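Below are the chains, spelled out letter by letter.
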Amino acid sequence: MAQAKISAKAHEGRFCRSSSMADRSSRLLESLDQLELRVEALRDAATAVEQEKEILLEMIHSIQNSQDMRQISDGEREELNLTANRLMGRTLTVEVSVETIRNPQQEESLKHATKIIDEVVNKFLDDLGNAKSHLMSLYSACSSEVPPGPVDQKFQSIVIGCALEDQKKIKRRLETLLRNIDNSDKAIKLLEHSKGAGPKTLQNTDGKVN
């Protein structure tokens, strides 16, 4: 009878310890789950800051190369460029880096995709129109919507092999490049228009004088 009581108490002790360990493990797991949400929120916030930095630099660069900057006095242009350079310098002091975890295949796919884009960028000066068309086909390969034009199927298969975060970065880079080309086209057209308007104005003036 005494032996039975001892066995019962020993069994009860093991049960209590087991129950306590399970509760502790559950609490720890819950804490880690909450921390994981905060870690992902941190990465999202850092990525947002990284994107904002890219946008700010692009906007500053766009202002410096805008048609309006060409149509003001040299003194005003110099002063505005000093301000723009100061803002660009302060923006560049913000260092944000969100590392992407990749397997070897994803690493290779990213290198391949980057190389393709770089090759197109290097052709800007030689043939801007063809380079823009090529970039459009690369961008369409990254879009989840129905593309308005042709899709580079080879590039699409390469991008699919990249990590999800890298896929987003590749798409953002292509968007930025296409915007820069559009801004350049507008600046060139405005410049050509202003040059073309000059002789006409002179001719009208001459006509009035005559």
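Residues numbered from 1 in each chain as written. Predicted model: local features only at pLDDT ≥ 70, side-chain atom pairs only at ≥ 80, totals over all residues. Heavy atoms only, no water.

J.: Which parts of the structure should I look at to understand the layout of surface pockets?
T.: Computed from the structure, the second largest pocket encloses a volume of approximately 190 Å³. Considering the residues around the second largest pocket, the lining is formed by Glu40, Arg43, Asp44, Thr47, Gln51, Val98, Leu164, Glu165, Lys168, Lys169 and Arg172. Elements represented by at least two residues in the lining of the second largest pocket include exactly helix 1 (2–64) and helix 7 (164–209). In terms of residue class, the lining of the second largest pocket is built from two nonpolar, two polar and seven charged. (1 Å grid on protein atoms, 1.4 Å probe; cavity = no way out; pocket = protein on both sides within 12 Å on 5 of 7 lines; lining within 4 Å. Points joined across faces, edges and corners; volume = space filled by probe spheres on them. Helix = DSSP H or I, 4+ residues; strand = E, 2+ residues; numbered from the N terminus. Nonpolar A, V, L, I, M, F, W, Y, C, P; charged D, E, K, R; others polar.)

J.: Any chance you could explain the pattern of salt bridges here in plain terms?
T.: Within this structure, the stated rule accounts for seven salt bridges. Note that Arg43 and Glu165 form a salt bridge whose closest N and O atoms lie 2.9 Å from each other. Taken together, the residues span a long stretch of sequence, with Arg43 in helix 1 and Glu165 in helix 7 at a distance of 122 residues. Take Arg43: its relative accessible area is 24%, and that puts it in the partly exposed class. What emerges from the salt-bridge pattern is a single network uniting Arg102, Glu107 and Asp166. (Salt bridge = Lys/Arg side-chain N within 4 Å of Asp/Glu carboxyl O. Buried < 20%, exposed > 50% of the residue type's maximum accessible area, 1.4 Å probe, protein only.)

J.: I would appreciate a short explanation of helix 5 (residues 128–142) in the present structure.
T.: Each full turn of the α-helix corresponds to 3.6 residues, which orients residues three or four apart in the same direction. With 15 residues, helix 5 ought to run about 21 Å at 1.5 Å a step, and its terminal C-alpha atoms sit 21 Å apart, in line with that. Those residues of helix 5 that sit buried are Ala131, Leu135, Ser137, Leu138, Ser140, Ala141 and Cys142. (Expected span 1.5 Å × (residues − 1).)

J.: What should I look at first to understand the side chain of Thr91 in this one?
T.: One can find Thr91 in helix 3 (residues 74–92). Once residues within four sequence positions are removed from consideration, Thr91 is found in contact with Lys53, Leu56, Leu57 and Ile60. (Contact = heavy atoms within 4.5 Å.)

J.: How should helix 4 (residues 104–121) be read in this particular structure?
T.: Under the 1.5 Å per step criterion, the end-to-end length of helix 4 is 26 Å for 18 residues, consistent within 8% with the ideal 26 Å. What helix 4 keeps buried is the set Ser109, Leu110, Ala113, Ile116, Ile117 and Val120. An end-on view of helix 4 places all buried positions within 130° of arc, on one side of the element. For helix 4, the exposed residues lying more than 90 degrees away from the buried face are Pro104, Glu108, Lys111 and Lys115. One side-chain oxygen of the residue at the start of helix 4 lies 3.1 Å from the amide nitrogen of Gln105, identifying that residue as Asn103. (Arc of directions from axis to C-beta. Polar contact = N/O pair within 3.5 Å; in protein donor to acceptor, adjacent residues only side chain to side chain.)

J.: Teacher, can you tell me more about the nonpolar core here?
T.: Ranked by internal contacts, the top residues of the largest apolar core, which has 20 residues, are Ile117, Phe124, Leu135, Leu138, Phe155, Ile170 and Leu174. Those residues in contact with Phe124 that sit more than four places away from it in its chain are Ala131, Leu135, Leu177 and Ile181. (Core = buried A, V, L, I, M, F, W, Y, C linked by side-chain atoms within 4.5 Å.)

J.: Would you explain the state of the cysteines in this entry?
T.: This model, assessed by the stated rule, comprises zero disulfides. Cys142 forms no disulfide, and the closest cysteine sulfur to it belongs to Cys162, at a distance of 8.7 Å. In this structure Cys142 comes out as buried when scored by relative accessible area, which is 16%. Exposure remark for Cys162: the relative accessible area of 4% places this residue in the buried category. (Disulfide = S-S within 2.5 Å.)

J.: Is there a simple way to explain a nonpolar patch on the surface in this structure?
T.: Together, Ile55, Leu56 and Met59 give the surface a local cluster of nonpolar side chains, amounting to about 250 Å² of exposed area. Along the chain, Leu56 turns up in helix 1. (Patch = residues over 30% accessible without salt bridge, like charges linked within 9 Å, V, L, I, M, F, W, Y side chains within 5 Å. Areas by Shrake-Rupley, 256 points an atom, 1.4 Å probe, with all protein chains shown as cover.)

J.: Please explain the side chain of Lys53 as it appears in this structure.
T.: Following the sequence through the fold, Lys53 ends up in helix 1. For the buried Lys53, no salt bridge is present, and the opposite-charge side chain at shortest range is Glu95, 4.3 Å distant. Reaching out from Lys53, the side chain makes a polar contact with the backbone oxygen of Val94 at a distance of 2.7 Å. Setting aside chain neighbours within four positions, we find Lys53 in contact with Thr91, Leu92, Val94 and Glu95. (Lys, Arg positive; Asp, Glu negative; His and termini not counted.)

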